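Structural overview
The chain contents come next:
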Amino acid sequence: HVAAAIGLRDRGDIESANRELAAANAWFPNNPELLLQQAEWKLADGKRDEALADAEKMLQATRENYRWLIIHASFLQHAGDFKTAVEDWKKIERFSERTGNPPRATAMNGLAYAQALANSELDDALREVNEALELRNGDPNILDTRGYILFRQGDYPAALEDMNRAVKGLDGALAQFDEILGD
């Protein structure tokens, strides 16, 4: 059913794709992957409230496992629900603090980025991202987050410096990847 649904959707037959996905959901109710797929399609179709409700069902089906919390937070950010995403990232950060999963730098960077997207708690976000950089000095993803926070705070020269460092770091990573692939 899922493969058929994806094929139908790719061909633009939204209604039939949704029926096939519903059939898959009937076989596996509360399957987080299927609920996420349903939420993504509803969001793409302009049914934001229904999409958010499905994303919440997905999260409940996983009992707020931190990996699914990350997926949920990312979905919320994509849907523009930045404040709720910040709350997810705060839970993830607390889980990381207790268990080390996800790694501390990942959790702190995720929380800081969510706060920057929400344009809230920017001083806290800057503190979090600076702590993450202490753990992973020069990490381009974390530098990118700090650059965005600094931009939001109006410190454009410092933001540009971090963004340029992040781009150089990512360019280096891409060059290594190209070398591995032989291109």
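Data block above holds the structure.
In short, a report on the structure.

Rules and cut-offs
- Residues numbered from 1 in each chain as written.
- Predicted model: local features only at pLDDT ≥ 70, side-chain atom pairs only at ≥ 80, totals over all residues.
- Heavy atoms only, no water.
- Helix = DSSP H or I, 4+ residues; strand = E, 2+ residues; numbered from the N terminus.
- Axes fitted to C-alpha atoms, helices over the stretch in contact; angles between N-to-C directions.
- Parallel < 35°, antiparallel > 145°, perpendicular 65-115°, else oblique.
- Left-handed = near helix turned anticlockwise from the far one by under 90°.
- Contact = heavy atoms within 4.5 Å.
- Nonpolar A, V, L, I, M, F, W, Y, C, P; charged D, E, K, R; others polar.
- Phe/Tyr/Trp six-rings, centres within 6.5 Å; stacked < 30°, edge-to-face > 60°.
- Buried < 20%, exposed > 50% of the residue type's maximum accessible area, 1.4 Å probe, protein only.
- Core = buried A, V, L, I, M, F, W, Y, C linked by side-chain atoms within 4.5 Å.

**Comments concerning unusual backbone geometry**
Here the residue pair Asn-101 and Pro-102 is connected by a cis peptide bond, since its omega of -10° sits within 30 degrees of zero. Relative to the helices and strands, Pro-102 is located in the loop between α6 (82–99) and α7 (104–118). Despite not being glycine, Glu-121 has its phi angle at roughly 50°, a positive value. With respect to the helices and strands, the residue Glu-121 is situated in the loop between α7 and α8 (122–135).

**Side note on the packing of helix α1 (residues 2–10) against helix α3 (residues 32–44)**
At their nearest, the axes of α1 and α3 sit 12 Å apart, and the two run at 15° to each other. The pairing of α1 with α3 is recorded here as roughly parallel in orientation. Two packed elements cross with a definite hand, and for α1 against α3 that hand is left-handed. Contacts from Val-2, Ala-5, Ile-6 and Arg-9 of α1 reach α3 at Leu-34, Trp-41 and Ala-44. The residue inventory of the contact of α1 with α3, partitioned by class, reads 6 nonpolar, no polar and 1 charged.

**Some thoughts on the packing of aromatic side chains**
In total, this model carries 3 aromatic pairs according to the counting rule given. Measuring from ring centre to ring centre gives 5.3 Å for Tyr-66 and Phe-95, while their planes differ by 25°; the resulting arrangement is stacked. Here Tyr-66 is found in helix α5 (residues 66–79), whereas its partner Phe-95 is found in helix α6, with 29 residues between them in sequence. When its relative accessible area of 13% is taken as the criterion, Tyr-66 is described as buried. Judged by centre distance (6.1 Å) and plane angle (45°), the ring pair of Tyr-113 and Tyr-148 falls under tilted. Of this pair, Tyr-113 sits in helix α7 while Tyr-148 sits in helix α9 (residues 140–152), placing them 35 residues apart in sequence.

**Comments concerning the nonpolar core**
Soluble globular proteins tend to bury their nonpolar side chains together. Residues Ala-112, Leu-126, Val-129, Ala-132, Ile-142 and Ile-149 are the most contacted members of the largest nonpolar core, which totals 17 residues. Secondary-structure elements contributing two or more residues to this core are α7, α8, α9 and α10 (156–181). Beyond its immediate chain neighbours, meaning those up to four positions away, Ala-132 contacts Ala-105, Met-108, Asn-109 and Ile-142.

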